[in-house]
Amino acid sequence: MADDSLPDAPTTDLRPSTVAVTSGRPPHEVDQPLNTPITMASTYVAGGDREYGRYGNPTWQAFEEVLGELEGGRALAFSSGLAAVSVVLDLVGQGALVLAPDAAYQGSLSQIADLEMRGRLRSKLIDIADTDAVVAACDEDVALVWIESPTNPNLDVADIERICAAAHEAGAYVVVDNTFATPLLQRPLDLGADLVVHSATKYLAGHSDALLGALVTRDDELFTVLKQRRDLLGAVPGTLEAWLAVRGMRTLHLRVERAQANATELARRLGEHSAVERVRYPGFGAIVSVELAAGALAADLLPRKTRLWVHATSLGGVESTLERRRRWKSEPTTVSDALVRLSVGVEDVEDLWEDLSRALDGLTD
Ligand SMILES: *Cc1c(COP(=O)(O)O)cnc(C)c1O
């Protein structure tokens, strides 16, 4: 019989590039589509696990399988990165203390500040790259340590392993926003983190066309609680967005590899340009921040002088974008006024450099 001749899918541990391409597929059976299709359904025939569109969707599940396998845990998809962030912050007890970076993604910090203002929690902001200071701050009072690494947009790197050990000693949970590194460059659960948060809007989806978030954990109890919160709060993704993210992740390893190679080269050349006072690049990933010698005005001007690089917020797409972060009122003042964040894409690095260096030269004209 034809069915009997189909080999089973491999069950051994596959390497990340192979996982990115093959995970989240339908069963390997005759006439099944190769990839999971978009399922538009608000309800299902009763009696199963899904029942209703807010409780589950086969296309979300495909996304969750790919990301879960890449991070080494179980994933849950959310409508955006910030929806996932809000579910995590919702877990901490009334009045609990959250330790968080003093410079990180403004949306996460704004949520913490908003909750603090309304008396829901307390926060202590610290330099997340100063490991000794973070470890010292991990006392019994702390309920949750919020790590972002590398941070947006200062690109500070946290010692996740040491911080996790200290936090757990104090009885606190640790969450790591892994948006910038992606699971290909950093797997926080392996380093001891309880929870990983993603803005899948960025590298995972990777084409600047979808908003999506995710949480990943290895702890089954925590997973159940998070799933309950998603069911209850309703911050669920659209099926098209989940499908776009799976489609995006099929090439995640290729995009990250190319964008990182471009970023490494551009960071080196930017360090030699006289208009640049400081390059912030942690040596991996594809975000490079520069602080311009001529200050905030020059930083405002630079994105208007490039042709190939698009002046736009967000990051992690195949296309190169840039912006002065402090143009946003909500950006923490721990970020330099003269900082321009570059999201390096997968174009030819020489074209990117020609455009960028010409724009930088033009600042002093
Ligand atoms: C963009 C971003 C978020 C928020 O994700 P959205 O999908 O825009 O809601 C969270 N963390 C980091 C590091 C980000 O860059």
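Residues numbered from 1 in each chain as written. Predicted model: local features only at pLDDT ≥ 70, side-chain atom pairs only at ≥ 80, totals over all residues. Heavy atoms only, no water.

### Observations concerning the nonpolar core
Counting 55 residues, the largest nonpolar core has Phe 63, Leu 270, Leu 292 and Leu 360 as its most contacted members. Among the domains, domain 1 (16-249) and domain 2 (253-363) are the pair contributing at least three residues each to this core. Aside from chain neighbours lying at most four places away, what touches Leu 270 is Val 276, Val 279, Val 288, Val 290, Leu 342, Trp 353, Leu 356 and Leu 360. With 27 residues, the next largest nonpolar core counts Leu 76, Val 87, Val 88 and Leu 215 among its residues. (Core = buried A, V, L, I, M, F, W, Y, C linked by side-chain atoms within 4.5 Å. Buried < 20%, exposed > 50% of the residue type's maximum accessible area, 1.4 Å probe, protein only. Domains from an automatic or database assignment. Contact = heavy atoms within 4.5 Å.)

### Some details on the site of the ligand
The full set close to the ligand counts 13 residues, and Leu 82, Asp 177, Ser 199, Thr 201 and Lys 202 are the nearest of them. Within the contact set of the ligand, an oxygen atom lies 2.9 Å away from a backbone nitrogen or oxygen of Leu 82. A distance of 2.7 Å separates an oxygen atom of the ligand from a polar atom in the side chain of Thr 201. For the ligand, whose accessible area on its own is 380 Å², the fraction buried by protein is 92%. Mapping the ligand onto the cavity grids shows that it belongs to the second largest pocket. Across the shell around the ligand, the residue classes break down as four nonpolar, six polar and three charged. (Near = heavy atom within 4 Å. Polar contact = N/O pair within 3.5 Å; in protein donor to acceptor, adjacent residues only side chain to side chain. Areas by Shrake-Rupley, 256 points an atom, 1.4 Å probe, with all protein chains shown as cover. 1 Å grid on protein atoms, 1.4 Å probe; cavity = no way out; pocket = protein on both sides within 12 Å on 5 of 7 lines; lining within 4 Å. Sits in = over half its atoms within 2 Å of the grid points. Nonpolar A, V, L, I, M, F, W, Y, C, P; charged D, E, K, R; others polar.)

### Some details on the layout of surface pockets
It is the rolling of a water-molecule-sized probe over the atoms that shows where space remains empty. A volume near 530 Å³ is recorded for the second largest pocket. Around the second largest pocket sit 34 residues that line it, and Tyr 105, Ser 199, Thr 201, Lys 202 and Ser 314 are the ones nearest its centre. Counting only elements with at least two residues in the lining of the second largest pocket, the list comes to α3 (81-91), α4 (106-117) and β6 (195-199). Partitioning the lining of the second largest pocket into residue classes produces 12 nonpolar, 15 polar and seven charged. Each of two domains, domain 1 (16-249) and domain 2 (253-363), supplies a minimum of three residues to the lining of the second largest pocket. (Points joined across faces, edges and corners; volume = space filled by probe spheres on them. Helix = DSSP H or I, 4+ residues; strand = E, 2+ residues; numbered from the N terminus.)

### Remarks on the pairing of strand β12 (residues 339-343)
With five of its five residues buried, β12 lies for the most part within the structure. Along β12, one buried face is formed by Leu 339, Arg 341 and Ser 343 and the opposite face, lined by Val 340 and Leu 342, is buried too. Here strand β9 (residues 287-292) runs beside β12; their pairing, made up of five bridges, is antiparallel. Note on β12: the bridge partner recorded for Ser 289 is Arg 341. (Pairing = 2+ DSSP bridges.)

What is shown is where atoms sit, not what they do.
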